[in-house]
Amino acid sequence: MTRCIAFHSYKGGTGKTTIASNLASMLAAKGYRVALLDFDVYAPSMQAYFDYLPRKWINDLLSDNAEVNDVMIDTTSIVEKYAKGSMNKDGRLWIGYSNSKKEEVYKLEGDAGKPNAKLQILRKFMHLREELISEFESDFIIIDTSPGIRYWSINSLAIADTLFLTLKFGDLDIEGTKKMASDMYGSFTRFGAKSYLLLNRVAGYCIPHSVGSAHSISSEMQQNDELDSLSREVGMELISAIPCYCDIQFKRKEFLTVLEFPEHPFAKQLEELAANKQIKV
Ligand SMILES: Nc1ncnc2c1ncn2[C@@H]1O[C@H](COP(=O)(O)OP(=O)(O)O)[C@@H](O)[C@H]1O
Ligand SMILES: [Mg+2]
């Protein structure tokens, strides 16, 4: 069975790309076949984590200038490089990169505005999903989306079976998030998709990663009343609450924590997330 997970949020900067990239590379290193898609077409940032300059982009697929095979780049060697010998040889990672050039983003918007284009584009999303399942035999399809109720995120959520609404702790727009969750997610969950709240950058646990056990921190947080009431307020089950780590926040360059520092509590948090029965395959 293939699990298709989309990371979405009401606002930007909640950690979607960080968590999607780290989770995808962790699963690939464990031996799964993983396809990671950058559908944050307005602010693509997958290259910050997986340094690669593709010849063909997701944009080309959407504008009929490329096939799925051309845009899904085999980046397994990047995972291997960072995993330093601990990669399971069955693991694969393919990434579909989005082009950050302004003119490419405008072009995509222009194409989507053409008559009947919306249905065609939704079909392309569905075709992409089908190929990643049947041709690539992927165990996981992980999608990074644009924040808010954007056309591209709606399509991404439509092809996913598991939706993660990512919230940055402390900078919450509960009302907006709640409204978005009920307006938008309701239509997907009615047809069988599951949606969960994923809190990130939870404050108050900013400790050096060599101190304390990730498990006790996380179970402590799960019991935290504030988190429970937040999940009740948004009306979604909380799947994980990831603390804010200063070394991740203040590093000038993004990095794949799970591979570079597998003992880091952030990596442990993602291990727990991956082991959750809701997302295990
Ligand atoms: N748990 C965390 N602790 C500290 N910094 C984090 C954490 N998760 C993400 N960040 C940082 O927050 C910033 C925004 O994350 P990003 O993944 O780009 O958000 P989004 O994709 O939702 O816009 C990045 O600089 C990232 O390194
Ligand atoms: Mg992002």
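Scoring rules and cut-offs
- Residues numbered from 1 in each chain as written.
- Chains lettered and ligands numbered in written order.
- Predicted model: local features only at pLDDT ≥ 70, side-chain atom pairs only at ≥ 80, totals over all residues.
- Heavy atoms only, no water.
- Near = heavy atom within 4 Å.
- Polar contact = N/O pair within 3.5 Å; in protein donor to acceptor, adjacent residues only side chain to side chain.
- Areas by Shrake-Rupley, 256 points an atom, 1.4 Å probe, with all protein chains shown as cover.
- Helix = DSSP H or I, 4+ residues; strand = E, 2+ residues; numbered from the N terminus.
- Nonpolar A, V, L, I, M, F, W, Y, C, P; charged D, E, K, R; others polar.
- Axes fitted to C-alpha atoms, helices over the stretch in contact; angles between N-to-C directions.
- Parallel < 35°, antiparallel > 145°, perpendicular 65-115°, else oblique.
- Left-handed = near helix turned anticlockwise from the far one by under 90°.
- Contact = heavy atoms within 4.5 Å.
- Salt bridge = Lys/Arg side-chain N within 4 Å of Asp/Glu carboxyl O.
- Buried < 20%, exposed > 50% of the residue type's maximum accessible area, 1.4 Å probe, protein only.
- Pairing = 2+ DSSP bridges.
- Phe/Tyr/Trp six-rings, centres within 6.5 Å; stacked < 30°, edge-to-face > 60°.
- Lys NZ or Arg CZ within 6 Å of the ring centre and 35° of its normal.
- Expected span 1.5 Å × (residues − 1).

**Q** How do you make sense of the site of ligand 1 when you look at a structure like this?
**A** G13, K16, T17, T18 and E254 are the nearest of the 17 residues found near ligand 1. Residue G13 places a main-chain N or O atom 2.8 Å away from an oxygen atom belonging to ligand 1. Between N200 and ligand 1, the recorded distance is 2.9 Å, taken from a side-chain N or O atom to a nitrogen atom. Protein contact buries 87% of the 560 Å² of open area that ligand 1 shows by itself. Breaking the shell around ligand 1 down by element, the ones donating at least two residues are helix 1 (16–29), strand 7 (194–202), strand 8 (237–243) and helix 11 (246–250). Element by element, the count of residues in the shell around ligand 1 is highest for helix 1, at three residues. Counted by class, the shell around ligand 1 contains six nonpolar, eight polar and three charged residues.

**Q** When you look at the packing of helix 7 (residues 151–159) against helix 8 (residues 174–189) in this model, what are you seeing that I'm missing?
**A** The description of two packed helices rests on the angle between their axes and on the distance between the axes. Contact pair helix 7 / helix 8: the axes reach a minimum separation of 9 Å and the direction vectors enclose 30 degrees. It follows that helix 7 is roughly parallel to helix 8 by the angle criterion. When you trace helix 7 past helix 8, the crossing you get is right-handed. Every residue of helix 8 that contacts helix 7 at S153, I154, L157 and A158 is listed here: M184, Y185 and F188.

**Q** Please explain the pattern of salt bridges as it appears in this structure.
**A** Any two side chains of opposite charge can pair, so long as their charged atoms come close to each other. For the structure on display, the rule yields eight salt bridges. Here K268 makes a salt bridge to E263, at a shortest N to O gap of 3.5 Å. In this structure K268 comes out as partly exposed when scored by relative accessible area, which is 30%. The class for E263 is exposed, based on a relative accessible area of 59%.

**Q** Before we go on, may I ask you to explain the environment of L273 in this structure?
**A** If you trace the backbone, L273 turns up in helix 13 (residues 265–275). A C-alpha to C-alpha distance of 20 Å links L273 and S86, two positions 187 residues apart in sequence. Excluding its chain neighbours within four sequence positions, the residues that come into contact with L273 are I19, F164, L198, I239, S240 and I279.

**Q** I'm lost on the sheet that holds strand 3 (residues 72–74) in this one. Help?
**A** The pairing of strands in a sheet comes from backbone hydrogen bonds and takes either a parallel or an antiparallel form. Strand order in the open sheet made by the eight strands is 3-4-2-5-1-6-7-8, with mixed pairing throughout. Bordering the open sheet on either side are strand 3 and strand 8, each of which pairs with just one other strand. Neighbouring strand axes in the sheet, compared pairwise and without regard to direction, differ in orientation by 20 degrees on average. Sheet analysis places strand 7 next to strand 8, joined by five bridges and oriented parallel. Each bridged residue has a counterpart across the sheet, and for L199 the counterpart in strand 8 is A241. Strands in contact with helix 8 are strand 1 (3–8), strand 6 (162–168) and strand 7; relative to strand 6, the strand with the most contacts, it is inclined by about 175 degrees.

**Q** Explanation requested: the packing of aromatic side chains in the structure shown.
**A** Each aromatic ring pair is characterised by the separation of its centres together with the angle its planes make. Within this structure, the stated rule accounts for ten aromatic pairs. Judged by centre distance (6.4 Å) and plane angle (85 degrees), the ring pair of Y245 and F266 falls under edge-to-face. With Y245 in the loop between strand 8 and helix 11 and F266 in helix 13, the pair connects residues that are 21 residues apart, well separated along the chain. For the pair formed by Y245 and F266, the shared burial category is buried. Of the aromatic side chains, those joined through ring pairs into one cluster are F39, F125, Y151 and W152. Geometry around Y151 places K118 over its ring, the cationic atom sitting 4.7 Å from the centre.

**Q** How should I be thinking about the side chain of T75 in this particular structure?
**A** Mapped onto the secondary structure, T75 falls in the loop between strand 3 and helix 4 (76–83). Ignoring anything within four residues of it in the chain, the contact list for T75 reads L93, W94, I95 and Y97.

**Q** It is not clear to me how helix 1 should be interpreted in this structure. Could you clarify?
**A** It helps to recall that an α-helix has 3.6 residues per turn; residues three or four apart then point in one direction. Between its first and last C-alpha atoms helix 1 spans 20 Å; for 14 residues at 1.5 Å apiece the expected length is 20 Å, and the two agree. Within helix 1, 14 of the 14 residues are buried, leaving the element largely enclosed by the surrounding structure. Phi for G31, located one or two positions after helix 1, is positive at around 110 degrees.

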